[in-house]
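What follows is the residue order along each chain.
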Amino acid sequence: MKAAVMRGAKEIRTEIVPDPVLEPHGVIIKVKACGICGSDLHVYKRDTQGTIFGHEFSGDVVAVGAKVTGITPGMRVTAVGFKPCGKCFWCAQGKGHRCSDMALLGYQFPGAMAEYVHVPFAVLGRTVFPLPAELSYEDAASVEPLSISYFSVNRAKPQPDEAIAVLGLGVIGLYAIQVLKTFNVAKIVASGRRESRLKAAQSCGADVVIDAAQQDAIDTVMAATAKMGVHTVMECAGMQATFDQAIAMTRGGGKVMLVGVYEQPLTWDPLPMISKNLSLIGCLGGNFPGAIELLRSGKVSAKHLITHRFPLDQAAEAFRAQLQDPGAIKVMFTMA
Ligand SMILES: [Zn+2]
Ligand SMILES: [Zn+2]
């Protein structure tokens, strides 16, 4: 089969590789759509020979392992791909979905930027999710990033009378804005840099959009909240500057949700956090059923965040676009 394979730093080629082999607890999916994730780009910049990326995907089940129940060939699905270690505390109890040392699809074993992908731990409703008719394959390949935004916003427990800031307008931040809209929060302030993403923040429903390259984010938030600051910040950028802004713009008793992945350790002064009684809350998780329902009901839309589509044959171009094209939000592979 064809797959997009890493052959060095920022070098990716479409090659012929062996077809995946079906394992007893696995399913094989014919891939229909697969997004490039920000996490892929972190790895793409390094020399990672042989990696096949792709964990935001959808497709049709074509083969089902002997020990899998409830999943049948022909099902349209999206899935979470991981392989439990089989040795840890959770695995010993048969709770592989809680494994503390799982291998990840698209990193430690081949992902869905290929004609076929093997999901080694296939459990209906837990790792493999059938698609309602309303979801296109592209919607379904958007479920994974949306599931992260949904999980993180829920963790913040937003209230209707609150003002909430979203810092960092990648796909996770943009979906967070859409999810916050469903909670009817009073005011959403979004801060980012690229013009395409500032526009997207507006169409996702942000009430105030800050161009962080031109405006002072803290001053703008204070002006928009009668100098009180926001109740909660969703920190989706993962940078020192946005972390500092988050602490400064949150009002007393508020929450700073850490969603973005930090490439560098932080230096910070904890005093403002102590004196304001802030809560600093880490977010790592996803809610697939919740994300599927948001797309099915039309409360969240994936369409206007997908800016580029490429066939698998143009893997190099697709990654270049995601990394360099200022207009790129989500770049997706689509397969016939
Ligand atoms: Zn991702
Ligand atoms: Zn384990």
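Bear in mind that the values here come from a model prediction, so they are computed numbers and not experimental data. The numbers attached to residues start from 1 for each chain and follow its sequence in the written order. Following the order in which they are written, the chains are lettered starting with A and the ligands numbered starting with 1. In view of the model being predicted, local features appear only for residues whose pLDDT reaches at least 70, and side-chain atom pairs are presented and counted only at 80 or more, with totals across whole chains, interfaces and linings using the full set of residues. Excluding hydrogens and water, the side-chain figures rest on all heavy atoms present in the structure.

1. Section: the packing of helix α4 (residues 143-156) against helix α5 (residues 171-182)
Turning to step 1, where the next piece is worked out: Axis geometry follows a simple rule: fit a line to the C-alpha atoms, using only the stretch in contact for helices, then measure angles between N-to-C directions, giving values from 0 to 180 degrees. The numbering of helices and of strands both runs from the N terminus, where a helix is a DSSP run of H or I of at least 4 residues and a strand a run of E of at least 2. Interhelical geometry of α4 versus α5 gives an angle of 55° and a closest axis separation of 8 Å. Of the possible angle classes, the one that applies to α4 and α5 is oblique. In this structure, α4 crosses over α5, and the sense of that crossing is right-handed. Only V171, I172, Y175, A176, V179 and L180 of α5 make contact with α4, whose side of the interface consists of P145, L146, I148, S149, Y150 and V153.
Turning to step 2, where the next piece is worked out: Nonpolar residues are Ala, Val, Leu, Ile, Met, Phe, Trp, Tyr, Cys and Pro. Charged residues are Asp, Glu, Lys and Arg, and all others, Gly as well, are polar. Here the contact of α4 with α5 is composed, by residue class, of 11 nonpolar, 1 polar and no charged. Small angles under 35 degrees read as roughly parallel and large ones over 145 as roughly antiparallel, with 65 to 115 read as roughly perpendicular and the rest as oblique. It is the rotation of the near helix from the far one that decides the hand of a crossing: anticlockwise by less than a right angle makes it left-handed, clockwise makes it right-handed. Residues are treated as being in contact if the distance between any of their heavy atoms lies within 4.5 Å.

2. Let's talk about the coordination of the zinc ion (ligand 1)
Turning to step 1, where the next piece is worked out: The protein atoms that coordinate the zinc ion (ligand 1) are C37 (SG), H55 (NE2) and E56 (OE), at distances of 2.1 to 2.4 Å.
Turning to step 2, where the next piece is worked out: For Na, K and Ca the donor cutoff is 3.2 Å, while for all other metals N, O and S atoms must lie within 2.8 Å; water is not among the atoms, so some sites may look incomplete. Mapped onto the sequence, the residues coordinating the zinc ion (ligand 1) show the spacing C-x17-H-E. Separated by 18 residues along the polypeptide, C37 in the loop between β3 (27-35) and α1 (38-44) and H55 in the loop between α1 and β4 (56-64) bring together distant segments of the chain.
Turning to step 3, where the next piece is worked out: Using a 1.4 Å probe on the protein chains alone, a residue whose accessible area is under 20% of its type maximum counts as buried, one over 50% counts as exposed, and one in between counts as partly exposed. The buried category is assigned to C37, whose relative accessible area is 12%.

3. A short note on the domain arrangement of the protein chain
Turning to step 1, where the next piece is worked out: For every domain, the bounds stem from an assignment made automatically or drawn from a database. Domain annotation for the protein chain reports domain 1 (2-142 + 302-334) and domain 2 (146-282).
Turning to step 2, where the next piece is worked out: Contacts between domain 1 and domain 2 engage 14 residues on the former and 12 residues on the latter.
Turning to step 3, where the next piece is worked out: Interface area for domain 1 against domain 2, summed over the two sides, is near 1,000 Å², with a carbon-plus-sulfur share of 52%.
Turning to step 4, where the next piece is worked out: By the criterion of area lost to domain 2, the three top residues of domain 1 are H304, L305 and I329, representing 46% of everything that side buries.
Turning to step 5, where the next piece is worked out: Whenever Lys or Arg places a side-chain nitrogen within 4 Å of a carboxyl oxygen from Asp or Glu, that contact is recorded as a salt bridge. Viewed at the interface, domain 2 and domain 1 are joined by 0 salt bridges.
Turning to step 6, where the next piece is worked out: Polar contact is the term for a pair of N or O atoms within 3.5 Å; when the atoms are in protein, one must be able to donate a hydrogen and the other to accept it, and sequence-neighboring residues count only if both atoms are side-chain atoms. Here domain 1 and domain 2 share 4 residue pairs in polar contact (both at pLDDT 80 or more) between them. A simple way to read buried area is as the amount of 1.4 Å-probe accessible surface that goes missing from two parts once joined, with both sides added.

4. Examining the sheet that holds strand β15 (residues 279-282)
Turning to step 1, where the next piece is worked out: At least two DSSP bridges between two strands are required for those strands to pair. The 6 strands are arranged β12-β11-β10-β13-β14-β15 in an open sheet whose pairing can be described as parallel. Each edge of the sheet is formed by a strand with only one pairing partner; in this case those strands are β12 (208-211) and β15. Between one strand axis and the next, the sheet turns through 15° on average, direction left out of account.
Turning to step 2, where the next piece is worked out: By the bridge criterion, 5 bridges tie strand β10 (residues 163-167) to strand β11 (residues 187-192) in an arrangement that is parallel. Bridging from a neighbouring strand, I164 pairs with I188 of β11.
Turning to step 3, where the next piece is worked out: Lying on the sheet, helix α7 (residues 217-224) is in contact with β11, β12 and β13 (230-235); it crosses β12 at an angle near 160°.

5. Examining the coordination of the zinc ion (ligand 2)
Turning to step 1, where the next piece is worked out: The zinc ion (ligand 2) binds to the protein through C85 (SG), C88 (SG), C91 (SG) and C99 (SG), with metal-donor distances spanning 2.3 to 2.4 Å.
Turning to step 2, where the next piece is worked out: A four-donor site is classed as tetrahedral when every donor-metal-donor angle falls between 85 and 135 degrees; four donors are called square planar, and six octahedral, when trans pairs exceed 155 degrees and all remaining angles lie between 65 and 115, with any other arrangement labelled irregular. Relative to the metal, the 4 donor atoms surrounding the zinc ion (ligand 2) lie at angles of 103 to 117°, and the coordination shape comes out tetrahedral.
Turning to step 3, where the next piece is worked out: For the zinc ion (ligand 2), the donor residues sit on a single chain with the sequence spacing C-x2-C-x2-C-x7-C.
Turning to step 4, where the next piece is worked out: Given the relative accessible area of 24%, C85 is considered partly exposed.

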